[in-house]
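Structure at a glance
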Amino acid sequence: MKKNKLYILISIVTLICLLGTAALCNQAGAEEDEAPTLKLEISDGPIFSEKDSTCSYEIEAIITGNPQPDIEFNQDDNVSLLATEKVKVVLNDSSDTYTLEATATNTEGSSTASMNLSWGCEEEVSEEVNEESEEKATEDGEETGKEGEDSEEEMQEGEVLEGDPEPPELSIYIHEGPLYSAADDVCYYRIASEMYGNPYPKLTWSKDDSDGAFGGGMVQVNLKRGETYTLTATATSSEGTVNRTLDLSWGCDGDGNGENINQDNGNGEPQEIEHELAVPIVGNESGTIFAETGVSAGPIATAGDNSLNKPTMGFISFDISMLSDINIDEAILNLDGWYNGDVSFYNKFWINSIYWGPNPIDTVNRMILTGGGTVIEGYPTTSGNWDIICYNEILLNEIQKAIDENKPRFQIRIHFSGPITDNDGSSDNWIYNLDNSSLKIKYTS
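An account of the accompanying structure is given in this report.

This model, assessed by the stated rule, comprises nine salt bridges. The salt bridge partner of Glu-176 is Arg-190, with a shortest N-O separation of 3.2 Å. Residue Glu-176 is found in strand 8 (residues 166-181), and its partner Arg-190 is found in strand 9 (residues 186-198); the two are separated by 14 residues along the sequence. Of the charged contacts, one joins Glu-405 and Lys-407 as a salt bridge, the two residues approaching to 3.2 Å between their closest N and O atoms. For Glu-405, a relative accessible area of 40% translates into the label partly exposed. Through salt bridges with shared partners, one network takes in Glu-285, Asp-319 and Arg-409.

Here's what the structure looks like:
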């Protein structure tokens, strides 16, 4: 009897040891959940852009945590998304500052970081101003010895310059145009001026459809189909008045895919044609995939969950087969939508570039469609803004890449990140009408 008790005791101890060892092995092999940590670092910049005289930084988020955290940046006109964890911040002038904020979130918590950015491109701006001043002084045949004194842009109306009084001199010319705007079906020109005189004259225009957006030295004139207009510019000072006129007429060929000639203005440069093209959506290659339940072809693309608490993803296919051997200058994606339910439980709405070729989505392996791709842009779900207008560099680069690789389609997936459903038994989604959505590009040849 004592032996039986001893054997039972030994068996129990052995079992406890085995279970304890297994638990330790499982614990050692499992990766522990961790709350996020977040740090923001400048990966590139400051970078000066001569095109628009801005100073920019590329900021990267360094993140740790398990499960993999979602990252969200504050986004407005100064910030554009370059990748999931990288943004570009643009400062518009030397007095501009910006505070970039980011938040990393997972099931274990969240972490927030911020970075204060200020203009760091003073050297480049100074060099550009010096070069312009020197060129202006050379053109006038005068060296004042004062940096920027002869720059026309710095002269003020009525300013008296050194030297004898001089009556106004004025010339006007087409700076850009004719260019077509499909949004309001107009053909527009941008007219610039050169003006001299002592004292410096006052410049007035008979028409400016830009409402002064380009400053006093340039205006925009919009023309409707068949319309003509004679633009008049007047330079006035105490030494006299001079008028200049320019006859403008509709010069935009075609319609919504306008084809416009940029005139050389007599300087002998080659003529260029600017094209604006609405890229068609292929309806039978677009639509929505409902997890485990099926596929719905266009004209609707939906992201969110449905009444069966299953996630949905939208897919949109654009026909770029006509775009070969071109370099695009601008791309704007416009998704016209509405909503059902409440999507605030999601972390973010995403647009990804993904390729499944000239095929309906119901004939393509779902694993290809529902994973991977290149992040184009992310949008907060709590903003209440489900109408999407996307025009960042990633979109342009992804379209250009598809063109360069001779792909007949540029294709995107729309989806939410975070929980796949809130299990409320009702649809929570953003829905897009492909008949009212568009992708427009511009290129020059």
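Structure's up, so let's keep going.
To continue, consider the side chain of Glu-398. Looking at the element boundaries, Glu-398 is found in helix 4 (residues 393-404). Summary of buried charges: Glu-398 has no salt-bridge partner, and the nearest side chain of opposite charge, Lys-401, is 4.8 Å away. Not counting the four nearest positions on each side in its chain, Glu-398 is found in contact with Ser-353, Thr-374 and Phe-410.

Turning next to the nonpolar core. Core analysis: the biggest nonpolar cluster contains 36 residues, and Leu-333, Phe-349, Ile-351 and Phe-410 have the highest contact counts within it. The greatest single-element share of this core, amounting to five residues, is contributed by helix 4. With 26 residues, the next largest nonpolar core counts Ile-63, Tyr-98, Trp-119 and Cys-121 among its residues.

Moving on to the sheet that holds strand 6 (residues 97-106). One open sheet holds the three strands; their spatial order is 3-6-7, and the pairing between them is antiparallel. Each of the sheet's edge strands pairs with one partner strand only, and the pair in question is strand 3 (70-73) and strand 7 (109-118). Within the sheet, the average angular offset between the axes of one strand and its neighbour, ignoring direction, is 20°. In this structure, strand 3 lies alongside strand 6, joined through four bridges in antiparallel fashion. Residue pairing in the sheet places Glu-72 in a bridge with Thr-103 of strand 6.

What the three strands build is an open sheet, ordered 10-12-13; its pairing is antiparallel. Pairing within the sheet leaves two strands with one partner each, and these edge strands are strand 10 (202-205) and strand 13 (240-249). On average, each strand axis in the sheet is tilted by 15° relative to the strand beside it, whichever way the strands run. Here 10 bridges tie strand 12 (residues 228-237) to strand 13, and the two strands are oriented antiparallel to one another. The partner of Thr-230 across the bridge, within strand 13, is Asp-247.

Moving on, we get to the state of the cysteines. Applying the stated criterion to the full structure yields two disulfides. At a sulfur-sulfur separation of 2.0 Å, the disulfide partner of Cys-55 is Cys-121. Torsion about the S-S bond of the Cys-55 and Cys-121 cystine: about 70°, corresponding to right-handed handedness. In this pair, Cys-55 sits in strand 2 (residues 54-66) while Cys-121 sits in the loop between strand 7 and helix 2 (122-140), placing the two residues 66 residues apart along the sequence. For the pair Cys-55 and Cys-121, a shared accessibility class is recorded, and that class is buried. Two residues share a disulfide in this structure: Cys-187 and Cys-252, whose sulfurs sit 2.1 Å from each other. Since a negative S-S torsion denotes a left-handed disulfide, the Cys-187-Cys-252 link at about 80° is right-handed. Highlighted residues: Cys-187 in strand 9 and Cys-252 in strand 14 (residues 252-253), separated in sequence by 65 residues.

Analysis parameters
Residues numbered from 1 in each chain as written. Predicted model: local features only at pLDDT ≥ 70, side-chain atom pairs only at ≥ 80, totals over all residues. Heavy atoms only, no water. Salt bridge = Lys/Arg side-chain N within 4 Å of Asp/Glu carboxyl O. Helix = DSSP H or I, 4+ residues; strand = E, 2+ residues; numbered from the N terminus. Buried < 20%, exposed > 50% of the residue type's maximum accessible area, 1.4 Å probe, protein only. Lys, Arg positive; Asp, Glu negative; His and termini not counted. Contact = heavy atoms within 4.5 Å. Core = buried A, V, L, I, M, F, W, Y, C linked by side-chain atoms within 4.5 Å. Pairing = 2+ DSSP bridges. Axes fitted to C-alpha atoms, helices over the stretch in contact; angles between N-to-C directions. Disulfide = S-S within 2.5 Å.

As far as function goes, none of this settles anything; it's purely spatial.
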